[in-house]
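Summary of the model geometry
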Amino acid sequence: KSQVFWQNPNGTFTNTFLDGSMIDEHRGVAAVDVNGDGLFELLFVSGGNHSKQVNDFPIRFYTQSTDRHYTLCDSCTMDLPFQPYESVTSIDGAASSKLLLGAGHHPMGYGQHQPSYVIEWEKDKWSISAGKDLGIVHELITLDSNSMLSLGEWGDISTIVVNEESKDNATVEIESTP
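Residues numbered from 1 in each chain as written. Predicted model: local features only at pLDDT ≥ 70, side-chain atom pairs only at ≥ 80, totals over all residues. Heavy atoms only, no water.

Summing up its helical and strand segments, the protein has 0 helices and 16 strands in all. Looking at the 178 residues of the protein, the share that counts as buried comes to 44%. The contacts of the protein with a sequence gap of at least 6 include a subset with a gap of at least 24, amounting to 40%. Of the roughly 9,200 Å² of accessible surface on the protein, 51% is carried by carbon and sulfur atoms. (Helix = DSSP H or I, 4+ residues; strand = E, 2+ residues; numbered from the N terminus. Buried < 20%, exposed > 50% of the residue type's maximum accessible area, 1.4 Å probe, protein only. Contact = heavy atoms within 4.5 Å. Areas by Shrake-Rupley, 256 points an atom, 1.4 Å probe, with all protein chains shown as cover.)

Written out as structure tokens, the structure is:
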């Protein structure tokens, strides 16, 4: 099982276990406070090319209680596509309600990929607000409130910008490719 470790004031660590499958190949995690309670929720993405079953690549979202216990919320991610993801990052910081999921290898073809997605926390669940073919996104790093640095597998380093024309209409653009 996966674990979260907390550093105590005296320098020692306390751990808590997370529910979930032992076969998940976690590729990325985002710690965000989507409900504004000051506690970090965790969203894990799974990737790799170890299976041809899309159900083997779950997105796991955990809510945190004040006693540092995490609870798996399957209903929070039920509207998101089951596919391999390689990375996840917050679009606008730790208090974010928006994340970018970077696509991984397609389960039916190594080196092929599916879209990457901007997801948004609304009404106690994650939903898609935009999708774009960004290739296989190995690593994502948040630069500022709407842009990320993307390292593609077998690809270039790119700057990705998320533009919001309205609350329900976000677009994802590759602004520059060095």
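This next bit is on the pairing of strand β10 (residues 109-113). Along any regular strand the residues' side chains alternate between the sheet's two faces. The pairing of strand β9 (residues 105-106) with β10 spans 2 bridges and is antiparallel. Note that in β10 the partner of H105 across the bridge is H113. (Pairing = 2+ DSSP bridges.)

Trans peptide bonds make up most of the peptide bonds, and negative phi angles are found at most residues other than glycine. Positive phi outside glycine occurs at R68, with the angle close to 65 degrees. Following the sequence through the fold, R68 ends up in the loop between β5 (60-64) and β6 (70-72). For K123, which is not a glycine, the phi torsion comes out positive at approximately 55 degrees.

Bringing the sheet that holds β6 into the picture now. Spatially, β3-β4-β5-β6 is the arrangement adopted by the 4 strands of the open sheet, whose pairing is antiparallel. Of all strands in the sheet, those bounded by a partner on one side alone are β3 (26-32) and β6. Neighbour-to-neighbour, the strand axes of the sheet open up by a mean angle of 25 degrees, direction not taken into account. (Axes fitted to C-alpha atoms, helices over the stretch in contact; angles between N-to-C directions.)

A separate point is the environment of Q83. Structurally, Q83 is set in the loop between β6 and β7 (85-90). For Q83, a relative accessible area of 2% corresponds to the buried category. Here the alpha-carbon distance between Q83 and S116, two residues 33 residues apart in the chain, equals 10.0 Å. Discounting chain neighbours no more than four positions away, the residues touching Q83 are S46, F57, A103, Q114, P115 and Y117. A distance of 2.9 Å separates a polar atom in the side chain of Q83 from the backbone oxygen of P115. (Polar contact = N/O pair within 3.5 Å; in protein donor to acceptor, adjacent residues only side chain to side chain.)

Time to look at the state of the cysteines. Per the counting criterion, the structure on display carries 1 disulfide. Here C73 engages in a disulfide with C76; their sulfurs sit 2.0 Å apart. Residues C73 and C76 are joined through a disulfide that is right-handed, its torsion about the S-S bond being 75 degrees. Exposure remark for C73: the relative accessible area of 16% places this residue in the buried category. (Disulfide = S-S within 2.5 Å.)

Evaluated as defined, the whole model comprises 5 aromatic pairs. Ring centres 5.9 Å apart and planes at 90 degrees place the aromatic pair F44 and Y62 in the edge-to-face group. Of this pair, F44 sits in strand β4 (residues 41-46) while Y62 sits in strand β5, and the two are 18 residues apart along the sequence. Assessed through its relative accessible area of 11%, F44 is described here as buried. On the basis of relative accessibility, which here comes to 2%, the residue Y62 falls in the buried class. Here F61 and W121 contribute two aromatic rings whose centre-to-centre distance is 5.1 Å and whose plane-to-plane angle is 40 degrees, an arrangement assigned as tilted. Of the two residues, F61 is situated in strand β5 and W121 in strand β11 (residues 116-122); the sequence distance between them amounts to 60 residues. (Phe/Tyr/Trp six-rings, centres within 6.5 Å; stacked < 30°, edge-to-face > 60°.)

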